[in-house]
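Spelled out, the chains give:
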Amino acid sequence: MFSHEQVSVRRGPRSGLPIIIAIHSSALGPAVGGCRLWHYPDWRDGLTDALRLSEAMTLKTATANVPHGGGKTVVALPPGVVLDGPARRDVLRDVGELVESFGGRYATGPDVGTSAEDMNIISEATRQVFCRPESVGGSGDPAPYTAAGVRAAIGAVFRLLEGRNGANEVRGRTVTVIGLGHVGTQLARMLARDGAMLTVTDVDERRRSLAEELGAEWCAPGQALTAETDLLVPAALGGQLTVELVPELRCRAIVGPANNQLAEDAVAELLHRRGIPWVPDYLASAGGVIFALARELRGATPDEALRQVGGIGAVTEELLHNAARLGISPHLAALRRVGERLAAAPDAESAPTIAVREAIKAPMMN
Ligand SMILES: NC(=O)c1ccc[n+]([C@@H]2O[C@H](COP(=O)([O-])OP(=O)(O)OC[C@H]3O[C@@H](n4cnc5c(N)ncnc54)[C@H](O)[C@@H]3O)[C@@H](O)[C@H]2O)c1
């Protein structure tokens, strides 16, 4: 079944490169999704990526209650093609014009292979662009807001686990942060400030200095995932939560910004069976995009945009309660909820569906 609303494929008039924009859904608001500039063996592989990633954006925005739908741009670079300065500019201008042709029904931002500076070039052709540099009036680096969103989700988890509230949510609780990059560093600082007992790790040994600064324990990257801890915070790369890992886990809950944490969907069900709440990464990591969209597309003040980021806490709490009430994993609860919201959209007849994977099959643990 064709589940997308609109897909446009165009050879850039300046660059000659294939540019794909997929709108999965604008049923809940104008679609949003980053611009990926990446090498593909064939442009059709870029199309497959655009279809998959735009659907993932619908899941992200709808779960986080953001008034937007899901879309994605992919510029499919043929193998070996390297863009020099003028050629890069050409393709970004082509992207801007194609985005503009959607008349406000789709806006783009940075993704793999593109930067905030690139968004500035795209903005020469369209206003439907976000995450531009602060120096030109954009919302700048999203990492602090991503961290704030994760912090809000963490609060919700401790409220669920222990009925704790306010600043005391994490005080005296053990938290293990894996990955001390842009987001992990800011998050570790917030958690230390709020009285959590931190263990941190990174494959980059230079990050040890942060552990010293925060009075945190440092552990070897290979040991962090199975450390005994109240909360595990994946803030490095995706795919770390595997079927094999689940029986080894010694945490009470998992919440972090890393994208695509689950090596496969079935891990969500296994975590649920082990009684370990996992806040879906597409919700926990939404703070940066929520801030940027509110500021740059909807004209919100910084305070108002930050308030919307904090809303991740209430959404997480509701999701975890719903999942517990239904006896299903938070991931499945989120998929079902998004399916319901799309079906109830005013334009429901033509609203695309989200693949609610009811049969998330989980292998037996033994
Ligand atoms: N930056 C954002 O606003 C944002 C928004 C949404 C999602 N995310 C996701 O959050 C994650 C972190 O983003 P970031 O911007 O901080 O990235 P980053 O590249 O700045 O930091 C990642 C850190 O993880 C470390 N690392 C890599 N592999 C590791 C491993 N196996 N064990 C321990 N440490 C490891 C790296 O050395 C690096 O310090 C990524 O998955 C990213 O896609 C980020």
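What counts as what
Residues numbered from 1 in each chain as written. Predicted model: local features only at pLDDT ≥ 70, side-chain atom pairs only at ≥ 80, totals over all residues. Heavy atoms only, no water. Axes fitted to C-alpha atoms, helices over the stretch in contact; angles between N-to-C directions. Helix = DSSP H or I, 4+ residues; strand = E, 2+ residues; numbered from the N terminus. Parallel < 35°, antiparallel > 145°, perpendicular 65-115°, else oblique. Contact = heavy atoms within 4.5 Å. 1 Å grid on protein atoms, 1.4 Å probe; cavity = no way out; pocket = protein on both sides within 12 Å on 5 of 7 lines; lining within 4 Å. Points joined across faces, edges and corners; volume = space filled by probe spheres on them. Nonpolar A, V, L, I, M, F, W, Y, C, P; charged D, E, K, R; others polar. Domains from an automatic or database assignment. Pairing = 2+ DSSP bridges. Near = heavy atom within 4 Å. Areas by Shrake-Rupley, 256 points an atom, 1.4 Å probe, with all protein chains shown as cover. Sits in = over half its atoms within 2 Å of the grid points. Expected span 1.5 Å × (residues − 1). Buried < 20%, exposed > 50% of the residue type's maximum accessible area, 1.4 Å probe, protein only.

1. Details of the packing of helix H1 (residues 43-63) against helix H13 (residues 330-343)
At a minimum axis distance of 10 Å, the contact between H1 and H13 shows a crossing angle of 90 degrees. As far as their axial angle goes, H13 and H1 are roughly perpendicular. Residue-level inspection shows Thr58, Leu59, Ala62 and Thr63 of H1 in contact with H13, the latter providing Ala334, Leu335, Val338, Arg341 and Leu342.

2. So, the layout of surface pockets
Within this model, the largest pocket holds a volume of roughly 1,700 Å³. Residue lining of the largest pocket: 48 residues in total, with Lys60, Asp111, Asn259, Asn260 and Ser285 positioned closest to the centre. Breaking the lining of the largest pocket down by element, the ones donating at least two residues are H1, helix H4 (143-162), helix H5 (182-193), helix H9 (281-284) and helix H10 (287-297). When residues in the lining of the largest pocket are grouped by element, the largest group, seven residues, is from H1. Residues of the lining of the largest pocket, tallied by class, amount to 22 nonpolar, 15 polar and eleven charged. Each of domain 1 (6-132) and domain 2 (143-284) contributes no fewer than three residues to the lining of the largest pocket. The calculated volume of the second largest pocket comes to roughly 280 Å³.

3. So, the sheet that holds strand E8 (residues 197-201)
The five strands are arranged E9-E8-E7-E10-E11 in an open sheet whose pairing can be described as parallel. Edge positions in the sheet fall to strand E9 (217-218) and strand E11 (251-254), since each has one partner strand and no second.

4. Looking at the site of the ligand
Taken together, 19 residues surround the ligand, and among them Thr146, His182, Asp202, Ala236 and Asn259 come closest. Relative to its unbound accessible surface of 820 Å², the ligand loses 72% to contact with the protein. One can see that the ligand is located within the largest pocket. In the shell around the ligand, the residues fall into eleven nonpolar, seven polar and one charged.

5. Brief notes about the domain arrangement of the chain
Taken domain by domain, the chain holds domain 1 (6-132) and domain 2 (143-284). Taking the mean C-alpha position of each, domain 1 and domain 2 sit 31 Å from one another.

6. A look at H13
Think of an α-helix as turning once every 3.6 residues; residues three or four places apart then point the same way. For H13, which comprises 14 residues, the first-to-last C-alpha distance of 20 Å matches the rise-based estimate of 20 Å (1.5 Å per residue) to within 8%. Along H13, the residues classified as buried are Pro330, His331, Leu332, Ala333, Ala334, Leu335, Val338, Gly339 and Leu342. Against the buried residues of H13 lie strand E2 (18-25), H1, helix H8 (266-273), H9 and helix H12 (312-326).

7. Observations concerning the pairing of E2
Taken across its eight residues, E2 has eight buried, putting it largely inside the fold. Examined bridge by bridge, strand E1 (residues 6-11) and E2 share six bridges and lie antiparallel to one another. Paired with Val9 across the two strands is Ile20, which belongs to E2. Between E1 and E2, which pair antiparallel one after the other, the connecting turn spans six residues, and Gly16 there sits at a positive phi close to 75 degrees. Relative to strand E5 (residues 69-77), E2 runs antiparallel, the two being bridged by six bridges. Residue pairing for E5: Ile20 is matched across the bridge by Val74.

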